[in-house]
Each structure stands twice: as C-alpha cells, then as structure tokens.
Amino acid sequence: MRPSSAAEKPPVDAADFKAAMRVLAASVTVITSRRGDQLNGMTATAVCSVSTAPPQLLAVVNRETTSHGLIADSGAFAVNILAAHQQELAGRFARRLDRPFEDVAHGLGETGCPLLAEAVAVIECRLRERHHAGTHTIFVGEVVGVSCRGAEPLLYFDGTYRRLAASDGAPPSWR
C-alpha cells in the first residue's frame, strides 16, 4: 500500500478529528510556569513521557496562551497530575484569570514554578527542546524533580471528567 498524497485526498475534517480525540482517555494535568512574579497555570491533557535516560517529558501548549510565553521565556515548567478530587482546579486553570493562584494551595519548586498541593504527582522540568506544530509548541523538558503520593488521578474522557474504577468496584490499589 502506498501513502496517499495531500492532492489525492481532502484533509481530515476537524470535527471528525476532535471526535476521535474525545475517546482518548487522559490524565488531567495543570502545567504551571513562572516568569518573575508572574505565576500561571493551564489545564492540559497533552502531556506524555519521552525518555527515561535522561528522564524527559513533553507538554503541548497553544502559542496564544500566557503559559506559552512564560515557558518559552523562563525555560521551565511543572506538570501537576491532578487527583480525582481536584476537578474544581481543572476547571479553574482552564480559564484565563488575573490571579490564577489566589486561594490555591501551592508551593514553589526548584525551578520556581508553582507546585499544586495534593496533586497525584508533580514533575518539574527545565526546557530542553521546542518544536512548532500547527498552532501549538511541543515543549520537551528534562525532569529535574518528581514527587508522588498515593491518590486516584482525575481523568478526562468524551468531554467529561472521570474516575478510575476497579473491575470489582473497589478503589484502585497503589503500590
């Protein structure tokens, strides 16, 4: 089978692509960044592991967001994997706010980026690479700090937040 060229076939309809992506279940994260006194966070599901040697991950960020400029300028970001009970934070950081961290429990990490209290895991990164892709930038960060706690993650699937459930109805187990 030979690959088709763009001239032979029209591009995929954006609505069809979005429908397909809605059934890709993902952990809900808040990508945090900082430049000077300016702190920011954005809800995202486009985050994944890249390498374990050295530890790296990627985060995909729209170039029109405040977060994009802060990450590009500061060279650092943190990925906060939200716990199931943090759905309110997911909604909060999905909006543009003047003071996004007001009344939000957090600390500052090694990179200076905000770290959300009670997140399932927090991964701090220093920016190593960036790749433009359409309207977004793929930021690849080298992991410089990790903290984990045993908690159930918040998931996003088919346009709604979800929780894990074991097949016997018991909560998921943690090592």
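Structure: above.
The sections below set out a description of the structure shown in this document. Everything numeric here is computed off the predicted structure, so don't read it as measured data. (Residues numbered from 1 in each chain as written. Predicted model: local features only at pLDDT ≥ 70, side-chain atom pairs only at ≥ 80, totals over all residues. Heavy atoms only, no water.)

**Focus: the pairing of strand 3 (residues 38-44)**
Consecutive side chains of a regular strand alternate in pointing toward one face of the sheet and then the other.
Okay, step 1: Sheet topology places strand 2 (residues 29-35) next to strand 3; seven bridges connect them, and they run antiparallel. By the bridge assignment for strand 3, Arg 34 is matched with Leu 39.
Okay, step 2: Linking strand 2 to strand 3, which pair antiparallel, is a turn of two residues; within it Gly 36 sits at a positive phi near 60°. (Pairing = 2+ DSSP bridges. Helix = DSSP H or I, 4+ residues; strand = E, 2+ residues; numbered from the N terminus.)

**As for unusual backbone geometry**
Okay, step 1: The amide bond that connects Ala 53 to the next residue, Pro 54, takes the cis arrangement and shows omega of -5°.
Okay, step 2: Here Pro 54 shows up in the loop between strand 4 (47-52) and strand 5 (55-62).
Okay, step 3: Even without being a glycine, Asp 158 presents a positive backbone phi close to 55°.
Okay, step 4: In this structure, Asp 158 sits in the loop between strand 11 (155-157) and strand 12 (160-162).

**Section: the packing of aromatic side chains**
Okay, step 1: Tallying each qualifying case throughout the model produces two aromatic pairs.
Okay, step 2: Between Phe 93 and Phe 101 the ring centres are 5.1 Å apart and the planes differ by 50°, which places this aromatic pair in the tilted class.
Okay, step 3: Taking the centre distance of 5.4 Å and the plane angle of 65° together, the rings of Tyr 156 and Tyr 161 count as edge-to-face.
Okay, step 4: Tyr 156 sits in the partly exposed class, given a relative accessible area of 33%. (Phe/Tyr/Trp six-rings, centres within 6.5 Å; stacked < 30°, edge-to-face > 60°. Buried < 20%, exposed > 50% of the residue type's maximum accessible area, 1.4 Å probe, protein only.)

**Concerning helix 2 (residues 66-74)**
Okay, step 1: All of the buried residues along helix 2 are Ser 67, His 68, Leu 70 and Ile 71.
Okay, step 2: Those residues of helix 2 that are buried lie in contact with strand 2, strand 3, strand 5, strand 6 (76-81), strand 9 (121-133) and strand 10 (136-148).
Okay, step 3: Immediately downstream of helix 2, the backbone of Gly 75 shows phi near 75°, a positive value. (Contact = heavy atoms within 4.5 Å.)

**Observations regarding the side chain of Arg 92**
Okay, step 1: Relative to the elements of secondary structure, Arg 92 occurs in helix 3 (residues 87-92).
Okay, step 2: For the buried Arg 92, no salt bridge exists, and the shortest N-O distance to an oppositely charged side chain is 5.4 Å, to Glu 102.
Okay, step 3: Within the structure, Arg 92 has its side chain in polar contact with the backbone oxygen of Pro 100 (distance 2.7 Å).
Okay, step 4: In contact with Arg 92, other than residues within four places in its own chain, are Leu 97, Arg 99, Pro 100, Phe 101, Glu 102 and Val 104. (Lys, Arg positive; Asp, Glu negative; His and termini not counted. Salt bridge = Lys/Arg side-chain N within 4 Å of Asp/Glu carboxyl O. Polar contact = N/O pair within 3.5 Å; in protein donor to acceptor, adjacent residues only side chain to side chain.)

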